[in-house]
Amino acid sequence: MSVEAVRLRRQGGLGALYLGIFATVWFSVPAAEQPLRGVLVAGSVAALLTAVGGGIVTARSRGADTGPRDRAADRRYLLIVVAEFAAAALGAVVLAAAGWSEFTPALVCAVVGLHFFPLAPLLGDPLLRPLGVAMCAVALAGLVTGLATGVSAGLVVGTGAGVLLLGYALRSLLRALRG
């Protein structure tokens, strides 16, 4: 297998691992009654299995030579993730102080969606942009639903973000396995 094929396989495995874990987290956000609760648990289990699959693919490609690490890209990645966590934490504090903590999942989902835009060129994955757009749309849908109805923003956002991230994680895993 070529160095580029191994790199793509490893990248797909890491995508499945990380996004599978985060899909599991998002599926656990909403408090829901049955039958939706069962669907969320099933989604969570599927996301965890996808993450495990991604971890296995990543571990199996670990020993292969993927070339030297790009330290500058690693720093940019770290800066993007730190900025994402800082924005989400600051926003959550502001919402809590304003008495609007029920909208924290919508804010965090929007921040997560936005962070995919600078990650797309850095990771060489242009499909992260549509994922970012979709995550921002879910955040907006959760906000509007939470403001206009009795349905919580967290239910809409947790379910929507979980489905999107699980779908992308599965896509990454399948791409890595076909690699």
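Model, not experiment: these values are computed from the prediction.

Here we look at the pattern of salt bridges
- Considering all chains together, one arrives at 1 salt bridge under this definition.
- R7 is the salt-bridge partner of E4, the closest N and O atoms lying 2.6 Å from each other. Within this pair, E4 and its partner R7 are both found in helix α1 (residues 3-27), separated by 3 residues, close to a single helical turn.

Focus: the environment of A161
- On the secondary structure map, A161 appears in helix α6 (residues 153-178).
- When the C-alpha atoms of A161 and V25 are compared, they prove to be 9.6 Å apart, with 136 residues separating the residues in sequence.

A look at the state of the cysteines
- The final tally for this structure, using the stated rule, is 0 disulfides.
- Free cysteine C109: the closest other cysteine sulfur is in C136, separated by 7.2 Å.

Quick look at the layout of surface pockets
- Counted as a void, the largest pocket has a volume near 1,400 Å³.
- Around the largest pocket, the lining comprises 40 residues; the ones closest to its centre are L14, Y18, Y77, L119 and L123.
- Breaking the lining of the largest pocket down by element, the ones donating at least two residues are α1, α2 (36-62), α3 (71-97), α4 (104-123) and α6.
- Ranked by residues supplied to the lining of the largest pocket, first place goes to α1 with 11 residues.
- Taken together, the residues of the lining of the largest pocket break down into 23 nonpolar, 8 polar and 9 charged.

Some points on the confidence of the model for the protein
- Averaged over every residue, the pLDDT of the protein is 93; the share at 70 or more is 97%.
- No element of the protein has a lower mean pLDDT than α1, which averages 92, and none a higher one than helix α5 (residues 128-148), which averages 98.

Things to note about α5
- Compared with the 30 Å implied by 1.5 Å per residue over 21 residues, the 30 Å span of α5 between its first and last C-alpha is a close match.
- All of the buried residues in α5 are L128, L131, G132, M135, V138, A139, G142 and G146. Down the axis, α5 shows its buried residues gathered within 120° of arc, on one side only. For α5, the exposed residues lying more than 90 degrees away from the buried face are V133, L140, L147 and A148.
- For α5, the secondary structure elements touched by its buried residues are α1, α4 and α6.

Comments concerning the environment of G99
- Along the polypeptide, G99 turns up in the loop between α3 and α4.
- In this structure the C-alpha to C-alpha distance between G99 and P121, which are 22 residues apart in sequence, comes to 37 Å.

Focus on the environment of A141
- Take A141: it is sitting in helix α5.
- Measuring from C-alpha to C-alpha, the distance between A141 and A106 comes to 8.4 Å, with 35 residues separating the pair along the chain.

Comments concerning the nonpolar core
- Within the largest apolar cluster, 26 residues are counted, with the highest numbers of intra-cluster contacts made by C109, F116, L131, M135 and L165.
- Elements with a contribution of two residues or more to this core: α1, α2, α4, α5 and α6.
- When residues of this core are assigned to their parent elements, the largest contribution, 7 residues, is made by α6.
- Once residues lying within four places of it in the same chain are set aside, the contact partners of F116 are L19, L128, L131, G132, M135 and L165.

Here's the deal with the packing of α3 against α4
- Viewed as axis vectors pointing N to C, α3 and α4 meet at an angle of 165°, and their least axial separation amounts to 9 Å. Considered as vectors, α3 and α4 are oriented roughly antiparallel to each other. Here α3 and α4 pass one another in a crossing that is right-handed. Between α3 and α4, the contacting residues are A73, R76, Y77, I80, E84, A87, A88, G91, A92 and L95 on the first element and T104, L107, V108, V111, V112, H115, P118, L119, L122 and L123 on the second.
- Residue composition of the contact of α3 with α4, grouped by class: 15 nonpolar, 3 polar and 2 charged.

The rules behind the values
Residues numbered from 1 in each chain as written. Predicted model: local features only at pLDDT ≥ 70, side-chain atom pairs only at ≥ 80, totals over all residues. Heavy atoms only, no water. Salt bridge = Lys/Arg side-chain N within 4 Å of Asp/Glu carboxyl O. Helix = DSSP H or I, 4+ residues; strand = E, 2+ residues; numbered from the N terminus. Disulfide = S-S within 2.5 Å. 1 Å grid on protein atoms, 1.4 Å probe; cavity = no way out; pocket = protein on both sides within 12 Å on 5 of 7 lines; lining within 4 Å. Points joined across faces, edges and corners; volume = space filled by probe spheres on them. Nonpolar A, V, L, I, M, F, W, Y, C, P; charged D, E, K, R; others polar. pLDDT = per-residue confidence, 0-100. Expected span 1.5 Å × (residues − 1). Buried < 20%, exposed > 50% of the residue type's maximum accessible area, 1.4 Å probe, protein only. Arc of directions from axis to C-beta. Contact = heavy atoms within 4.5 Å. Core = buried A, V, L, I, M, F, W, Y, C linked by side-chain atoms within 4.5 Å. Axes fitted to C-alpha atoms, helices over the stretch in contact; angles between N-to-C directions. Parallel < 35°, antiparallel > 145°, perpendicular 65-115°, else oblique. Left-handed = near helix turned anticlockwise from the far one by under 90°.

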